[in-house]
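Observations on the three-dimensional arrangement
Residues per chain are reported as follows:
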Amino acid sequence: MWGKLAVLKRGRSVFGNTVVLSSEGLTHILLRHPELGRVRELEDLLISTIEAPDLLVEGRHGEHVAVRHIPDLPLKAKFLTVVYDEGGEVRTAFATSKPRKIEERGVIWRG
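Let me begin by describing the structure that accompanies this report. None of the values given here were measured: they were computed from a predicted structure.

Here the focus is the nonpolar core. In this structure, Leu36 and Leu46 are the most contacted members of the largest nonpolar core, which totals 23 residues. Looking at this core, the elements with two or more residues in it are strand 2 (18–22), helix 1 (23–32), helix 2 (42–51), strand 5 (79–84) and strand 6 (90–96). When residues in this core are grouped by element, the largest group, five residues, is from helix 2. Sequence-distant contacts of Leu46, that is, excluding residues within four places in its chain, are made with Leu21, Leu26, Ile29, Leu80, Val82 and Ala93. Counting six residues, the second largest nonpolar core, distinct from the first, contains Leu55, Val57, Val67 and Val83.

Given below as structure tokens:
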């Protein structure tokens, strides 16, 4: 399934499906959200957010959106948000200070 992807990290969603972070996915995240480049161990935080989110929300296009409060995030925003395909790969990620706006999309799982 991930034959040509350069897989950096693998994790399991709360539903038990494998989700991968590829080097292409990480590059996309850092290009779109360069502030995340200041986050130490970003790859591990992305996967841990998928594995143990505070809440999981329906995405607009069939993806899942994992949201996790990370108090020591070196940014003003303290919630890491990871968008991924269940049983697939990380699409993008960003930090937010307003998780309630994301939560309005429809919570499908709460930790």
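Take the sheet that holds strand 4 (residues 64–69) next. Taken in spatial order, the five strands line up as 6-5-4-3-7 in an open sheet, and their pairing is antiparallel. Each edge of the sheet is formed by a strand with only one pairing partner; in this case those strands are strand 6 and strand 7 (107–110). Recorded for the sheet is a direction-independent mean angle of 20 degrees between the axes of neighbouring strands. Pairing of strand 3 (residues 55–58) with strand 4, which is carried by four bridges, proceeds in the antiparallel orientation. Bridging from a neighbouring strand, Glu58 pairs with His64 of strand 4. Across the sheet, helix 2 lies against strand 4, strand 5 and strand 6, angled at about 75 degrees from strand 5, the strand it touches most.

Let us now look at the environment of Leu30. Among the secondary structure elements, Leu30 is positioned in helix 1. For the pair formed by Leu30 and Phe94, sequence separation is 64 residues and the distance between their alpha carbons is 9.3 Å. Setting aside anything within four residues of it in sequence, one finds Leu30 in contact with Leu36, Gly37 and Leu42.

Criteria and thresholds
- Residues numbered from 1 in each chain as written.
- Predicted model: local features only at pLDDT ≥ 70, side-chain atom pairs only at ≥ 80, totals over all residues.
- Heavy atoms only, no water.
- Core = buried A, V, L, I, M, F, W, Y, C linked by side-chain atoms within 4.5 Å.
- Buried < 20%, exposed > 50% of the residue type's maximum accessible area, 1.4 Å probe, protein only.
- Helix = DSSP H or I, 4+ residues; strand = E, 2+ residues; numbered from the N terminus.
- Contact = heavy atoms within 4.5 Å.
- Pairing = 2+ DSSP bridges.
- Axes fitted to C-alpha atoms, helices over the stretch in contact; angles between N-to-C directions.

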